[in-house]
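Next come the chains, spelled out residue by residue.
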Amino acid sequence: MASHTALAGGTPDFGDFVRTEDEELDLEEVVEPWHKYDLNETRVFYPIYLGEVLNERYLVEHRLGFGGGSTVWMAHDLQEKKDVALKVMALGDWGDNEKHIQDEIIRNVQDTSHLVTYLATFLLPGKKGHHRVLVFPLMGPCIYPVTLGKIPMASRMLAARQLLEAVESLHEAGIVHRDLNERNCMWGMVPLDNANRDAKYEALGRPLKHVIPNVELWKQGELVRAVEVPEKLRTDEFFLGDFGIAKKLNDDATTQEGLPPTKFCSPERLHGKDPSFACDMWSYMVIFSILYLRFPPFPTCFDGGLIGSMVDALGSLPKEWKDLYIWPPGRDSWYEEGQMPNPDWDLDATIKRFHPDVDPIERQHVNSIMSKVFIYCPEKRLTATQLLRDPSFRAIMDRYGC
Ligand SMILES: Nc1ncnc2c1ncn2[C@@H]1O[C@H](COP(=O)(O)OP(=O)(O)OP(=O)(O)O)[C@@H](O)[C@H]1O
């Protein structure tokens, strides 16, 4: 059983408070904005502190991350004696879509082995209403392009295959994820359930924390720097989570609207079209490309931004999409018929740029995989099932032993 690690003097050890203004400023860069705890905000967060026991069962020991609608904490389940992730939703019915769609997934998706579905759920009474909490199995790191170089290509391609299988099983049940991005995909983690807190903090970094500043708190709460999962604790299993805006097609009960981060968003959604399985496939291929190249396939840093890079790589956008771009101003030139891909920036050149040493056969296969999904017309994109059976996809998986 996890022992209750204590500091000298008997105070339980739950990390360190910031000591200097510099430390405080550095912490503020990587945690959720403090105003998310202001009760006058929309989507108010629930204040939590390390050492708190939620629902008389979950001892909060560290921080895992946060998103637009939740904070996520590492906790020890005192009943089951294992570590879990607690996703504490913002105030209101914000979490209801995720619970509703997860119930749908648990009921109807045949293979959920690579989907992060909840183990339990409970409500925390807040100052102005309830906050839903979803209890998840504890996962490892998400995709961080800057650290991908430390992960062997075989593990990255295995992740790509597992993710595609997860997408296929969702699609077979009629569910579109709608938010496939690097933050919602996670590797597994070697369990630390039997380690004491000292050992956990040694492995994942000591929490650095600060009492939530500048707002009148109605209960104790802290801003805490998230864990850093070291490479030696990462496993090769790969999972898809965060179904906050997932939708069963033709089910009006799922109403939460939203787009994936722009870098992962399909061009048709950026032109106001409805979500579809094909949108997920575009986002999947952006993730596949990041796993393979370690860089996004369509850089956003050049003049013309993301869409400019797409046009460089794939040629002009369909002319019927002109004036439909949802983040104006767009450029008329993107829709001028007959523009061919720029040979310096097309998919082949991009693969060569990031993998100059790769042999031509591998390059051709990767180009073929990307070219069958990075197609403007959603109806022409390969489905998850088709891509899993595609000879080039299979060849790359075989090459890396996945
Ligand atoms: N089961 C888990 N195990 C470990 N870490 C997790 C787990 N679930 C979520 N996280 C971490 O918490 C972060 C935020 O989680 P999540 O994306 O589900 O929140 P969100 O509020 O839905 O975010 P967004 O607004 O970006 O959609 C993730 O990026 C990940 O780092």
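This structure is a prediction, so every number in the text was calculated from the model and none was measured.

Asks: Lay out the site of the ligand with the relevant residues and their values.
Replies: In the vicinity of the ligand there are 20 residues, among which Gly68, Ser70, Lys87, Met139 and Asp242 approach most closely. In the model, an oxygen atom of the ligand is placed 2.7 Å from a nitrogen or oxygen of the Gly68 main chain. At 2.9 Å from a nitrogen atom of the ligand is found a main-chain nitrogen or oxygen belonging to Met139. Protein coverage of the free-state accessible area of the ligand, which is 620 Å², stands at 83%. Counting only elements with at least two residues in the shell around the ligand, the list comes to strand 3 (58-66), strand 4 (70-77), strand 5 (82-89) and strand 7 (130-137). It is strand 3 that contributes the most residues to the shell around the ligand, three residues altogether. Looking at side-chain class alone, the shell around the ligand contains 10 nonpolar, six polar and four charged residues.

Asks: Just give me the short version of the environment of Pro296, but keep the residues and values in it.
Replies: Note that Pro296 resides in the loop between helix 5 (277-293) and helix 6 (305-314). Pro296 gets classed as partly exposed once you look at its relative accessible area, which sits at 24%. For the pair Pro296 and Gly272, spaced 24 residues apart in the sequence, the C-alpha separation amounts to 23 Å. Once residues within four sequence positions are removed from consideration, Pro296 is found in contact with Lys263 and Ile290.

Asks: Hey, could you go over the environment of Gln339 for me, with residue numbers and the actual values?
Replies: Looking at where Gln339 falls in the secondary structure, it is placed in the loop between helix 6 and helix 7 (347-354). According to the relative accessible area criterion, Gln339 is partly exposed, its value standing at 30%. Sequence separation between Gln339 and Lys247 is 92 residues, and the spatial gap between their C-alpha atoms is 35 Å. Not counting residues within four places of it along the chain, the set of residues in contact with Gln339 comprises Val311, Gly315, Ser316, Ser333 and Trp334.

Asks: An account of a negative patch on the surface is requested, with residue identities and associated values reported.
Replies: A cluster of like negative charges, contributed by Glu21, Asp22, Asp26, Glu28 and Glu29, occupies part of the molecular surface. For Asp22, the position within the fold is in helix 1 (residues 21-30).

Asks: Tell me about the pattern of salt bridges, and name the residues and values.
Replies: Taken as a whole and assessed by the stated rule, the structure comprises 28 salt bridges. A salt bridge links Asp390 to Lys372, with the shortest nitrogen-to-oxygen separation between them at 2.6 Å. Placement of Asp390 in the loop between helix 9 (384-389) and helix 10 (391-399) and of Lys372 in the loop between helix 8 (360-371) and helix 9 is noted, with a sequence separation of 18 residues between them. On the accessibility criterion, Lys372 (25% relative accessible area) is partly exposed. Salt bridges linked by common partners bring Glu61, Asp83, Arg197 and Lys200 together as one network.

Asks: Lay out the layout of surface pockets with the relevant residues and their values.
Replies: Counted as a void, the second largest pocket has a volume near 210 Å³. Secondary-structure elements contributing two or more residues to the lining of the second largest pocket are strand 5, strand 9 (185-189) and strand 12 (234-240). Split into classes, the residues belonging to the lining of the second largest pocket amount to 10 nonpolar, two polar and four charged.

Asks: Would you mind going over the sheet that holds strand 1 (residues 16-17) in detail, with residue names and values included?
Replies: Taking strand neighbours across the sheet as the criterion, the three strands line up as 1-10-11 in an open arrangement whose pairing is mixed. In this open sheet, the two strands that pair with only one neighbour each are strand 1 and strand 11 (222-224). As judged from the three bridges shared by strand 10 (residues 208-211) and strand 11, these two strands associate in the antiparallel manner. Paired with Val211 across the strands is Glu222, a residue of strand 11. Strand contacts of helix 1: strand 1, strand 10 and strand 11, with the helix running at about 95 degrees to strand 10, the strand carrying the most contacts.

Asks: Break down unusual backbone geometry for me, with residues and values.
Replies: The residue after Pro328, namely Pro329, is reached through a cis peptide bond having omega 5 degrees. Mapped onto the elements, Pro329 comes out in the loop between helix 6 and helix 7. Positioned with a positive phi, Lys81 is a non-glycine residue whose angle comes to about 55 degrees. Relative to the assigned elements, Lys81 resides in the loop between strand 4 and strand 5. The phi angle at Arg178 is positive, at roughly 70 degrees, despite the residue not being glycine. Examined against the element boundaries, Arg178 turns out to sit in the loop between strand 8 (175-176) and strand 9.

Cut-offs and rules
- Residues numbered from 1 in each chain as written.
- Predicted model: local features only at pLDDT ≥ 70, side-chain atom pairs only at ≥ 80, totals over all residues.
- Heavy atoms only, no water.
- Near = heavy atom within 4 Å.
- Polar contact = N/O pair within 3.5 Å; in protein donor to acceptor, adjacent residues only side chain to side chain.
- Areas by Shrake-Rupley, 256 points an atom, 1.4 Å probe, with all protein chains shown as cover.
- Helix = DSSP H or I, 4+ residues; strand = E, 2+ residues; numbered from the N terminus.
- Nonpolar A, V, L, I, M, F, W, Y, C, P; charged D, E, K, R; others polar.
- Buried < 20%, exposed > 50% of the residue type's maximum accessible area, 1.4 Å probe, protein only.
- Contact = heavy atoms within 4.5 Å.
- Patch = residues over 30% accessible without salt bridge, like charges linked within 9 Å, V, L, I, M, F, W, Y side chains within 5 Å.
- Salt bridge = Lys/Arg side-chain N within 4 Å of Asp/Glu carboxyl O.
- Lys, Arg positive; Asp, Glu negative; His and termini not counted.
- Charge placed at Lys NZ, Arg CZ, Asp CG, Glu CD.
- 1 Å grid on protein atoms, 1.4 Å probe; cavity = no way out; pocket = protein on both sides within 12 Å on 5 of 7 lines; lining within 4 Å.
- Points joined across faces, edges and corners; volume = space filled by probe spheres on them.
- Pairing = 2+ DSSP bridges.
- Axes fitted to C-alpha atoms, helices over the stretch in contact; angles between N-to-C directions.

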